[in-house]
Amino acid sequence: PIRTVVGQDLGYLGVPLRLEAGFEPVKRLRLYAGAGGMAEKGLMSKSETRSYIGDHLEDSVTGHPDTGGLLWSVGATAGAEYRINRTLGLYVAPGIEYHFDNGAEARSAYTEKPLHWNVALGVRFNFQK
């Protein structure tokens, strides 16, 4: 049987900008919302297609697809943080992001499905005077 294996590596550097506002309706609970965007520049791309007949490598093609210009995205999040003490808190923050198509030859999860939902859960350390 003939089988084809396709792989791709992409590397981006992004600069995010986000504004956030919050308030404490009750002691130790902070609610917040934020919105912003990000500009990302593709630094590297490599694609490889390998064809096998059985376990024997028959052909291998390597390329470097163009990552295009800047990849822009916008997003919003809302969250809640419960402060265990002055420096330690637990948080949950669901969010949504949309990545605009920059016409790049290199395809990624952002170009195939530009709208992404996420939920961040974690521990937050607050360093205050």
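Provided above is the structure to which this section pertains.
The text that follows walks through the structure, step by step, so that each part is easy to find.

Rules used throughout
Residues numbered from 1 in each chain as written. Predicted model: local features only at pLDDT ≥ 70, side-chain atom pairs only at ≥ 80, totals over all residues. Heavy atoms only, no water. Patch = residues over 30% accessible without salt bridge, like charges linked within 9 Å, V, L, I, M, F, W, Y side chains within 5 Å. Areas by Shrake-Rupley, 256 points an atom, 1.4 Å probe, with all protein chains shown as cover. Salt bridge = Lys/Arg side-chain N within 4 Å of Asp/Glu carboxyl O. Helix = DSSP H or I, 4+ residues; strand = E, 2+ residues; numbered from the N terminus. Buried < 20%, exposed > 50% of the residue type's maximum accessible area, 1.4 Å probe, protein only. Contact = heavy atoms within 4.5 Å. Polar contact = N/O pair within 3.5 Å; in protein donor to acceptor, adjacent residues only side chain to side chain.

**What to know about a nonpolar patch on the surface**
Point 1. There is a patch of nonpolar side chains on the surface, built from L70, W72, V74, Y98, F100, L115 and W117 and spanning about 760 Å² of accessible area.
Point 2. For the nonpolar patch, the elements supplying multiple residues, two or more each, are β4 (71–83) and β6 (115–125).
Point 3. With respect to the helices and strands, L115 occurs in strand β6.
Point 4. A relative accessible area of 44% means that L115 is categorised as partly exposed.

**Quick word on unusual backbone geometry**
Point 1. Here R28, not a glycine, exhibits a phi torsion of approximately 75°, which is positive.
Point 2. With respect to the helices, strands and loops of the structure, R28 is situated in the loop between β1 (2–26) and β2 (29–53).

**Observations concerning the environment of S60**
Point 1. Among the structural elements, S60 can be located in strand β3 (residues 56–63).
Point 2. Taking the C-alpha atoms as reference, S60 lies 4.4 Å from R50; in sequence the two are 10 residues apart.
Point 3. Setting aside residues up to four positions removed in sequence, S60 forms contacts with E48, T49 and R50.
Point 4. In this structure the side chain of S60 is engaged in a polar contact, spanning 3.2 Å, whose partner is the side chain of E48.

**What about the environment of W117?**
Point 1. The topology assignment puts W117 in strand β6.
Point 2. Using a relative accessible area of 67% as the deciding quantity, one classes W117 as exposed.
Point 3. Between the C-alpha atoms of W117 and V61, which are 56 residues apart in sequence, the distance is 35 Å.
Point 4. Non-local contacts of W117, meaning those with residues more than four positions away in its chain, are made with G95 and I96.

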